[in-house]
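# Breakdown of the fold
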Amino acid sequence: MSRRMVLILTITCAVAVGNIYFPQSIAPLVADGLHVSADSAALVVTATQVGYTAGIVLLVPLGDRIPHRTFLVVLLSLTGLALLAAGCAPALPPLVAASALVGLTTVAAQIVGPLAAGLVAADRRGAVIGTLLSGSTGGMLLARTFSGTLGEWLDWRAPYLVAAVLALLLATVLAFAVPATAPGSRQSYPALLAEPLRLLRTEPQLRRSCLYQATVFAGFSAVWTCLAFLLTGPAYGLGAQAVGMLALVGAATMFCTPLAGRLVDRRGPDPVNLVCMLGVLVSAVILAAGARGGTLGLAALTVGTLLLDVAMQSGMVANQARVYALRPDARSRLNTAYMTCAYLGGSAGSWLGVQVWSRAGWWGVCALVTVLTGIALVRHLALRRSQESPPRGEIPEGRVVGSGSAPAP
C-alpha cells in the first residue's frame, strides 16, 4: 500500500472520528442558538455517541459482506447528508435525530482498519494501524478545537456544514482512490450480526485482546471521568477549562502510536502489550501524587495522563494487530467484537470511577486503575509461563500465525 493511500485513509479516520467529538465543544452554542437549556442541548452529544455505538454493532459487520470501497463511499455520503440536515435543523428534536444518524453512519474508521490490514504486507501491518490510530486521535483533538473556534466566530451551524463538505469530499476521493476488494463473506445480515459473539467463543486470541483493551480502557476512562472532579475541587480550585487543556497533552500519542506499530511488526504484539501494561501501572503511581495539589501535583497529573494516554493507545495498536491477523475473511466482524468489548469496558470504567471517587477520592481512582490493569497483566504473565513448555505440536497462543509477528517471549 502506497504512502498516498495511507495518508488518505488516515485523513478518513480523522474526519470520521472527529464527527463524534466536535459536538461536545459547541453544545453551549446550540443551547443559545436554539433557545434551549444546556441539559437539553447535551442530548445532541448523547445522540451522536449512542448512534456511533449502534453503528459499530449494526453496520461494521457489513464490512465483510460489502466491498470496502462501495461501503466507505456510501457511509461517508450518508454522514455528509446527515451533517447537512443537522446544520440546517430548525429546532432541537430534528437536530437530535440528525445527530443520531451522524453517529450511526460515521463508522468509517472501523471499516478503514480491516481494509488497510488487507492491503498492507503482514510485516507492515502494525505500523499502518498505528498511523491510522494517530489520525483518529488527531481528529478527536482537532475537531473539538476547530469546531469551538468556528462556532464562536460564526455560529453553531458552521461546524456541521464544514464537516458535511469534508465528508462528501472524502466520499468522492475514496470512490477513485480505494482499490476494488472482494468481500470476505456471503453470509446473510442476521448471520453477520451474530458472528461477533461466535468469534468471541471460538477465538482465544480475540478474547485475550478484548480483555486487555477493556480493562486498560476502563482504567483510562475512570481517570478522565474523575479528573474534572479533582481539578475543580478544593485541591486545585481550577475551572473546567483546565481539563480540556490537560487533554491536549494526549496529542503526543499521535507520534507514539506509529512507533508502537513498528515495534509490533518487529517483535510481535505481546512484548508491546507487556510494556504498555507496565506503563499504565507506572502512570497510576504518578497520578496518585496529583492528589496533593499545587504545582507539583499538577505536574504529576500532566506526566501521568500523558503516560496513560500513550500506553493505552499503543496497547490498542498491539491488540488490533493481533485481532486482524486471525481471520482475513472476518476482519470487520472481529473488529466489531473487539471495539464493542473495549467500549463496554470504558463505560464500566467511567461508572466505577465515579463510585470509587465518592468513597475513596483520587487515591481510590488510581488504585482502581492498578487493579484493572493488574487483571490483564496477571493473565498476560500466566500465558507467558504456559508458553515456555507448550504441548508437542501445539502452536503457542501468543503467536499470531500469518501476521509477520515473532513468537511471544
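Residues numbered from 1 in each chain as written. Predicted model: local features only at pLDDT ≥ 70, side-chain atom pairs only at ≥ 80, totals over all residues. Heavy atoms only, no water.

### Describing unusual backbone geometry
Positive phi values are uncommon outside glycine, yet histidine 35 reaches one of about 55 degrees. The class of histidine 35 is exposed, set by a relative accessible area of 72%. (Buried < 20%, exposed > 50% of the residue type's maximum accessible area, 1.4 Å probe, protein only.)

### Observations concerning the nonpolar core
Most often, soluble globular proteins have nonpolar side chains that are buried together. If you look at the biggest cluster of nonpolar residues, it comprises 85 residues, and the most contacted ones within it are Leu9, Leu206, Leu227, Leu301 and Trp362. Looking at which element gives the most residues to this core, the answer is helix H9 (residues 204–232), with 13 residues. Discounting chain neighbours no more than four positions away, the residues touching leucine 301 are Leu227, Leu230, Leu231, Tyr236, Leu246, Leu287, Gly290 and Trp362. In this structure, Val30, Ala41, Val44 and Ala163 belong to the second largest nonpolar core, which totals 22 residues. (Core = buried A, V, L, I, M, F, W, Y, C linked by side-chain atoms within 4.5 Å. Helix = DSSP H or I, 4+ residues; strand = E, 2+ residues; numbered from the N terminus. Contact = heavy atoms within 4.5 Å.)

### Some points on the pattern of salt bridges
Inspection of every chain in the model, using the stated rule, returns six salt bridges. Residues aspartate 64 and arginine 333 are paired through a salt bridge, measuring 2.7 Å at the closest nitrogen-oxygen approach. Of the two residues, aspartate 64 sits in the loop between helix H2 (38–58) and helix H3 (68–87) while arginine 333 sits in helix H14 (residues 331–387), which places them 269 residues apart along the sequence. Using a relative accessible area of 5% as the deciding quantity, one classes aspartate 64 as buried. Residue arginine 333 pairs with glutamate 195 through a salt bridge whose shortest N-O separation is 3.8 Å. Residue arginine 333 is found in helix H14, and its partner glutamate 195 is found in helix H8 (residues 189–202); the two are separated by 138 residues along the sequence. Exposure class is identical for arginine 333 and glutamate 195. Each is buried. Overlapping salt bridges, with partners in common, bring together Asp64, Glu195, Arg198 and Arg333 in one network. (Salt bridge = Lys/Arg side-chain N within 4 Å of Asp/Glu carboxyl O.)

### Some remarks on a nonpolar patch on the surface
Side chains of Val74, Leu78, Leu81, Leu84, Leu161 and Leu168 sit close together on the surface and give an oily, nonpolar patch of about 450 Å² of accessible area. For the nonpolar patch, the leading source of residues is H3, giving four residues. Tracing the backbone shows leucine 168 in helix H7 (residues 157–177). (Patch = residues over 30% accessible without salt bridge, like charges linked within 9 Å, V, L, I, M, F, W, Y side chains within 5 Å. Areas by Shrake-Rupley, 256 points an atom, 1.4 Å probe, with all protein chains shown as cover.)

### Looking at the environment of proline 179
Mapping proline 179 onto the fold places it in the loop between H7 and H8. The spacing of proline 179 and leucine 115 is 64 residues in sequence and 9.9 Å in space, taken between C-alpha atoms. Residues contacting proline 179, with those up to four places away along its chain left out, are Met5, Arg69 and Leu119.

### Quick notes on the packing of aromatic side chains
Under the criterion given, the structure shown has seven aromatic pairs. A ring pair is formed by phenylalanine 217 and phenylalanine 220, whose centres lie 5.7 Å apart and whose planes are at 20 degrees; its orientation type is stacked. In this pair, phenylalanine 217 and phenylalanine 220 both sit in helix H9, three residues apart, roughly one turn of the helix. One aromatic cluster is present, built from ring pairs that chain together Tyr52, Phe217, Phe220, Trp224 and Tyr343. (Phe/Tyr/Trp six-rings, centres within 6.5 Å; stacked < 30°, edge-to-face > 60°.)

### Remarks on the packing of helix H5 (residues 108–119) against H14
Between H5 and H14, the shortest axis-to-axis distance is 9 Å and the interhelical angle comes to 135 degrees. If you check the angle between H5 and H14, you find them oblique. Crossing of H5 against H14: the hand is right-handed. Of the residues in H14, those touching H5 at Gln110, Pro114, Ala117 and Gly118 are Arg331, Ser332, Asn335 and Met339. Here the residues of the contact of H5 with H14 sort into three nonpolar, four polar and one charged. (Axes fitted to C-alpha atoms, helices over the stretch in contact; angles between N-to-C directions. Parallel < 35°, antiparallel > 145°, perpendicular 65-115°, else oblique. Left-handed = near helix turned anticlockwise from the far one by under 90°. Nonpolar A, V, L, I, M, F, W, Y, C, P; charged D, E, K, R; others polar.)

### Remarks on the side chain of serine 136
Tracing the sequence through the fold places serine 136 in helix H6 (residues 125–153). Excluding anything up to four places from it in sequence, serine 136 contacts Cys13, Ala14, Val17 and Ala109.

### A few points about helix H12 (residues 269–288)
Given a rise of 1.5 Å per residue, 20 residues ought to cover 28 Å, and the 29 Å separating the end C-alpha atoms of H12 matches this to within 8%. The element H12 is extensively covered by neighbouring structure, given that 15 of its 20 residues are classed as buried. (Expected span 1.5 Å × (residues − 1).)

### Digging into helix H4 (residues 92–105)
A rise of 1.5 Å per residue sets the reference length of H4, with its 14 residues, at 20 Å; its end C-alpha atoms lie 20 Å apart and thus fit the reference within 8%. Listed in full, the buried residues belonging to H4 are Leu92, Leu95, Ala98, Ser99, Val102, Gly103 and Thr105. As for H4, its buried residues are in contact with helix H1 (3–34), H2, H3, H5 and H7.

### Some remarks on the packing of H1 against H6
For the pair H1 and H6, interaxial distance at closest approach is 6 Å and the crossing angle is 35 degrees. Crossing angle aside, the handedness with which H1 passes H6 is right-handed. When the residues that make up the contact of H1 with H6 are grouped by side-chain class, the tally is 13 nonpolar, eleven polar and two charged.

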